[in-house]
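Chain by chain, the residues:
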Amino acid sequence: MRIAVSADDKNGLESIVSPHFGRCPYFILVDVEDNNVEQVVEVKNPFYGAHGPGKVPGFINEQEADVMLTGGMGARAMQFFSRYGIEPVTGAVGTVRMSLEQYLGGELEGATPCATSQTHGHEAEPAEGEYEKSETERLKEEAESLQEQLAQALRRLGETLGES
């Protein structure tokens, strides 16, 4: 099985998971067999900073991925992944290694559209020139997404500490 993970850097399994797959600079492709990592490949996102509907899911399909792990993505992207037979999984945080372990352990599954995609209308086809935001707007969206992820991580930490 090949798992693609959105990443903010190219440090293999120690890369930081990007909060939004379409806006990440890199993808970490991890080949897994019997829950063991067989190979790790770092690829640059050719659509970083300038992507349109379906472009990134198409690229991930070309990489022969079976699963796409990321912090968040919009509903349209999830539809594209489903058409390609790629399982979209959102809610990934931390490092690629941590997210892989959560996914393979059954703790990370399913996908829901990220709030920023719903808020900014990524559900529908954007008008020409409206899809990409300015760098400042993209950073604001990423900050909002990271705040959501931090809240989720703190909630999980509280639950874990409560179990001890």
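Everything below is about the structure printed above this text.
Below is a short write-up of the structure. (Residues numbered from 1 in each chain as written. Predicted model: local features only at pLDDT ≥ 70, side-chain atom pairs only at ≥ 80, totals over all residues. Heavy atoms only, no water.)

Description of the overall build of the protein chain
Move 1: The number of helices and strands found in the protein chain is five helices and five strands.
Move 2: Taken from N to C terminus, the helices and strands of the protein chain fall in the order β-β-β-α-β-α-β-α-α-α.
Move 3: In the protein chain, buried positions account for 46% of the 164 residues.
Move 4: Roughly 8,600 Å² of accessible area belongs to the protein chain as shown, and the carbon and sulfur atoms make up 48% of that amount. (Helix = DSSP H or I, 4+ residues; strand = E, 2+ residues; numbered from the N terminus. Buried < 20%, exposed > 50% of the residue type's maximum accessible area, 1.4 Å probe, protein only. Areas by Shrake-Rupley, 256 points an atom, 1.4 Å probe, with all protein chains shown as cover.)

Section: the sheet that holds strand E2 (residues 26–33)
Move 1: Taken in spatial order, the five strands make up an open sheet running E3-E2-E1-E4-E5, and their pairing is mixed. At either margin of the open sheet sits one strand with a lone partner, and together these are strand E3 (36–44) and strand E5 (87–89). Taking the axes of each pair of neighbouring strands and ignoring which way they run, one obtains an average angle of 20° across the sheet.
Move 2: Examined bridge by bridge, strand E1 (residues 2–7) and E2 share six bridges and lie antiparallel to one another. Across the sheet, the residue bridging to Ala 7 is Tyr 26, located in E2. (Pairing = 2+ DSSP bridges. Axes fitted to C-alpha atoms, helices over the stretch in contact; angles between N-to-C directions.)

Considerations on the side chain of Asp 31
Move 1: Positionally, Asp 31 belongs in strand E2.
Move 2: By relative accessible area, which is 17% here, Asp 31 ends up buried.
Move 3: A polar side-chain atom of Asp 31 sits 2.7 Å from a polar atom in the side chain of Arg 2.
Move 4: For Asp 31, the contacting residues outside a window of four places in its chain are Met 1, Arg 2, Asn 36, Val 37, Glu 38 and Gln 39. (Polar contact = N/O pair within 3.5 Å; in protein donor to acceptor, adjacent residues only side chain to side chain. Contact = heavy atoms within 4.5 Å.)

A closer look at unusual backbone geometry
Move 1: The phi dihedral of Asp 34 is positive, around 50°, even though this residue is not glycine.
Move 2: For Asp 34, the position within the fold is in the loop between E2 and E3.
Move 3: The phi dihedral of Glu 64 falls on the positive side, at around 65°, and the residue is not glycine.
Move 4: Within the secondary structure, Glu 64 is located in the loop between helix H1 (55–62) and strand E4 (67–69).

Details of the environment of Phe 59
Move 1: Position of Phe 59 relative to the elements: it lies in helix H1.
Move 2: A sequence separation of 13 residues divides Phe 59 from Pro 46, and the C-alpha atoms of the two residues are 8.4 Å apart.
Move 3: Excluding its chain neighbours within four sequence positions, the residues that come into contact with Phe 59 are Phe 27, Val 43, Lys 44, Pro 46 and Phe 47.

Here we look at a nonpolar patch on the surface
Move 1: On the surface, a cluster of nonpolar side chains totalling about 410 Å² of accessible area is made up of Leu 150, Leu 154, Leu 157 and Leu 161.
Move 2: Inspection of the secondary structure puts Leu 154 in helix H5 (residues 135–163). (Patch = residues over 30% accessible without salt bridge, like charges linked within 9 Å, V, L, I, M, F, W, Y side chains within 5 Å. Salt bridge = Lys/Arg side-chain N within 4 Å of Asp/Glu carboxyl O.)

A word on the pattern of salt bridges
Move 1: A complete count under the given rule lists two salt bridges for this structure.
Move 2: Of the charged contacts in the structure, one is a salt bridge between Arg 2 and Asp 31, with a shortest N-O distance of 2.7 Å. Taken together, the positions of Arg 2 in strand E1 and Asp 31 in strand E2 put the pair 29 residues apart, joining distant regions of the chain.
Move 3: For Arg 2, a relative accessible area of 17% puts it in the buried group.
Move 4: When the shortest N-O distance is used, the salt bridge between Arg 97 and Glu 14 registers 2.6 Å. With Arg 97 in helix H3 (residues 96–104) and Glu 14 in the loop between E1 and E2, this residue pair connects regions lying 83 residues apart in the sequence.

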